[in-house]
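Residue-level structural notes
These are the residues of each chain, in order.
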There are 2 protein chains.
Amino acid sequence: MSRHALDVALELEALGEGRFGGRTTPEYWNMGGPFGGVTAALLLRAVLAHPARRGRPVAQTVNFCAAIGEGGFVIEVRLARDGRSTQHWQVEMSQEGRGTVTTGSVVTGAERQTWAHASAAPPPADDPSSVPAMPTAGRNAWLSQYEFRVMEGRSTFDLEPPGEIAPARSKLWVRDKPERALDYEALAGLADTFIVRILLVRGYFIPVATVSLTTYFLAGEADLARQGARPLLAVADARAFRGGFADQSGELWADDGTLLAVSHQVTWYRE
Amino acid sequence: MSRHALDVALELEALGEGRFGGRTTPEYWNMGGPFGGVTAALLLRAVLAHPARRGRPVAQTVNFCAAIGEGGFVIEVRLARDGRSTQHWQVEMSQEGRGTVTTGSVVTGAERQTWAHASAAPPPADDPSSVPAMPTAGRNAWLSQYEFRVMEGRSTFDLEPPGEIAPARSKLWVRDKPERALDYEALAGLADTFIVRILLVRGYFIPVATVSLTTYFLAGEADLARQGARPLLAVADARAFRGGFADQSGELWADDGTLLAVSHQVTWYRE
């Protein structure tokens, strides 16, 4: 049985002293570099693989500083602060000849039983089996590593202007393809599968990039295990596009109505 | 004429090579350390004061690693990547005897005229003059450095359980007190004035802390100048409280309907 493309992409070699080596893989290639979600998952994997790490991921910020080239990279993980209830990690990815290409931080925290309350509810959704999967053939490779079942919002965009302005909001079922049991790395990747909103809003291709991505993990290990490989209910929206930058926020819900993660990003667009 | 407390709190001495020295001030004291918003503003001020800095703030993440003690601190700023359209900064605050107390990153970007679109609108709001200001006397000092005119949601919380569960959402007018013309540092501070939601939801005091705060600045310099010292329309909400952590998101709108900043955080609570 062949290994899942995500597991291949997340393979890291421990180089000692918080350094890890890895390689980009063609399956997750985007326009001019790897899909940002797999970079986020790699940085998280490096933190989780650090021998001093305790607890589960709580927050991750990834700053996409420069284009990542095809080939090898090194991830350096540093424990900036080892607290009683949280650990604060600094992470940096670099490539020979390119220098620092990604910076980031991860907070891990102990799993605890506490008072719990859901102040937000998942939106109503059709059964995933009744929603056709978006065709991804012939598109950037990473799109084919996910199954997108779009219920609301543009599911694709044309390559020629002019498009009609559409809402920034999407609602869809999403999961790894082929299906794969959910873990925090997969969740970190899924949190970046929300197409950069301006492409959906304008309906045609322009140069865009995620500048900075922040994901909060609200799921415990048991929540991930309960969800398994079934599709996540995802919603995403953006608030404003101005001066070459835009925000967007997304939510990833388990199919039992548990909020697993929220993810925010600021994106750059050229014109 | 005396200087504004925020300007006093943001005073930094350049120590060379990206290092800046400052001191906590009693006006912005919170429970067991300074108000997180003034820490965010200080980290931003240090980046903006760096001689190599170009462009305006686009994104800021602040990780509150450990309690900040009363007294002096050092902020170290490092340009991790100097790109064509963005600069990526790493920031760290430390105190003698306490080590690293705060880490963070800031992205700055050039001001540009581009296609613009508002996909979200501000909520309807009463005129600020018709909404009474929340009393802040006798509370943590930092609250008295802001004027809160709450239109929706709890404006305070009692000190004894049991409270009735309330919605996590707030809508209010907020500004520095005394009034002060808006700049990015003030905006970074205002972005953290959203009371940790669990206190409002549960209606009584429990130990809480912001773990990580991310703010996206959508305002250009002209937007800030146009707003001046008038109150900002603020909304905040949270989605889930579970396992000792909760998320929350806030929006800060100019009174002409321009979205100036969005801010997200993950908070820790004890039980």
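Residues numbered from 1 in each chain as written. Chains lettered and ligands numbered in written order. Predicted model: local features only at pLDDT ≥ 70, side-chain atom pairs only at ≥ 80, totals over all residues.

What follows is about the overall build of chain A. Secondary structure assignment for chain A yields five helices and 14 strands. Computed over C-alpha atoms, the radius of gyration of chain A comes to 18 Å, within 12% of the 18 Å expected from 2.2 N^0.38 for 271 residues, which places it in the range of a compact globule. Dimensions of chain A along its principal axes, counting C-alpha atoms only, are 50 × 50 × 45 Å. Taking all 271 residues of chain A together, the buried fraction comes to 52%. Of the contacts made within chain A by residues no fewer than 6 positions apart, 69% connect residues no fewer than 24 positions apart. (Helix = DSSP H or I, 4+ residues; strand = E, 2+ residues; numbered from the N terminus. Rg over C-alpha atoms; globule rule 2.2 N^0.38 Å. Buried ≥ 20, exposed ≤ 12 C-beta atoms within 10 Å, placed from the backbone. Contact = placed C-beta atoms within 7 Å.)

Let's shift gears to unusual backbone geometry. Residues and elements named next belong to chain A. For the bond from Lys 177 to Pro 178, the omega torsion is -5 degrees, close enough to zero to count as cis. One can find Pro 178 in the loop between strand 9 (170-176) and helix 3 (184-190). The phi torsion at Glu 17 lies on the positive side, around 55 degrees, for a residue other than glycine. Examined against the element boundaries, Glu 17 turns out to sit in the loop between strand 1 (13-16) and strand 2 (19-23). With 8 C-beta atoms packed within 10 Å, Glu 17 lands in the exposed category.

Residue and element names in this part refer to chain A. Here helix 2 (residues 36-49) is 14 residues long and its end C-alpha atoms lie 20 Å apart, about the 20 Å a rise of 1.5 Å per residue gives. With twelve of 14 residues buried, helix 2 lies mostly within the body of the structure. Looking at helix 2, one finds that the buried residues are Gly 36, Gly 37, Val 38, Thr 39, Ala 40, Ala 41, Leu 42, Leu 43, Leu 44, Arg 45, Ala 46 and Val 47. (Expected span 1.5 Å × (residues − 1).)

What follows concerns the environment of Leu200(A). Residues and elements named next belong to chain A. Of note, Leu 200 is situated in helix 4 (residues 197-202). Here the alpha-carbon distance between Leu 200 and Glu 111, two residues 89 residues apart in the chain, equals 38 Å. Residue contacts for Leu 200: discarding those within four places in its chain leaves Gly 153, Arg 154, Phe 157, Ala 166, Ala 168, Ser 170 and Ile 195.

The parts lose accessible area when they come together, and the size of an interface is often stated as this lost area. Across the contact, 55 residues belong to chain B and 55 residues belong to chain A. Looking at side-chain class alone, the side of chain B that touches chain A contains 26 nonpolar, 21 polar and eight charged residues. With two bridges joining them, strand 12 (residues 240-242) of chain A and strand 7 (residues 117-118) of chain B adopt antiparallel strand pairing. Paired with Phe241(A) across the strands is His117(B), a residue of strand 7 of chain B. (Nonpolar A, V, L, I, M, F, W, Y, C, P; charged D, E, K, R; others polar. Pairing = 2+ DSSP bridges.)

This part is about the pairing of strand 2 (residues 19-23) of chain B. All names here are of chain B. One ladder, built from three bridges, connects strand 1 (residues 13-16) with strand 2; its direction is antiparallel. The residue bridging Ala 14 from the neighbouring strand is Phe 20, located in strand 2. The antiparallel hairpin formed by strand 1 and strand 2 contains two residues in its connecting segment, where Glu 17 sits at a positive phi of about 50 degrees. Note that strand 2 and strand 4 (residues 72-82) share five bridges and pair antiparallel. Bridged to Gly 21 within strand 4 is Val 74.

Right, let's talk about the relation of the copies chain B and chain A for a bit. At an RMSD of 0.0 Å, chain B and chain A line up after a rotation of 180 degrees and a shift of 0.0 Å along the axis. One copy is carried onto the other by what is essentially a two-fold rotation axis. Interface overlap between copies: 100% of the residues of chain B at the interface are likewise at the interface in chain A, consistent with a symmetric, same-surface contact. (Least-squares fit on C-alpha atoms with pLDDT ≥ 70 in both.)

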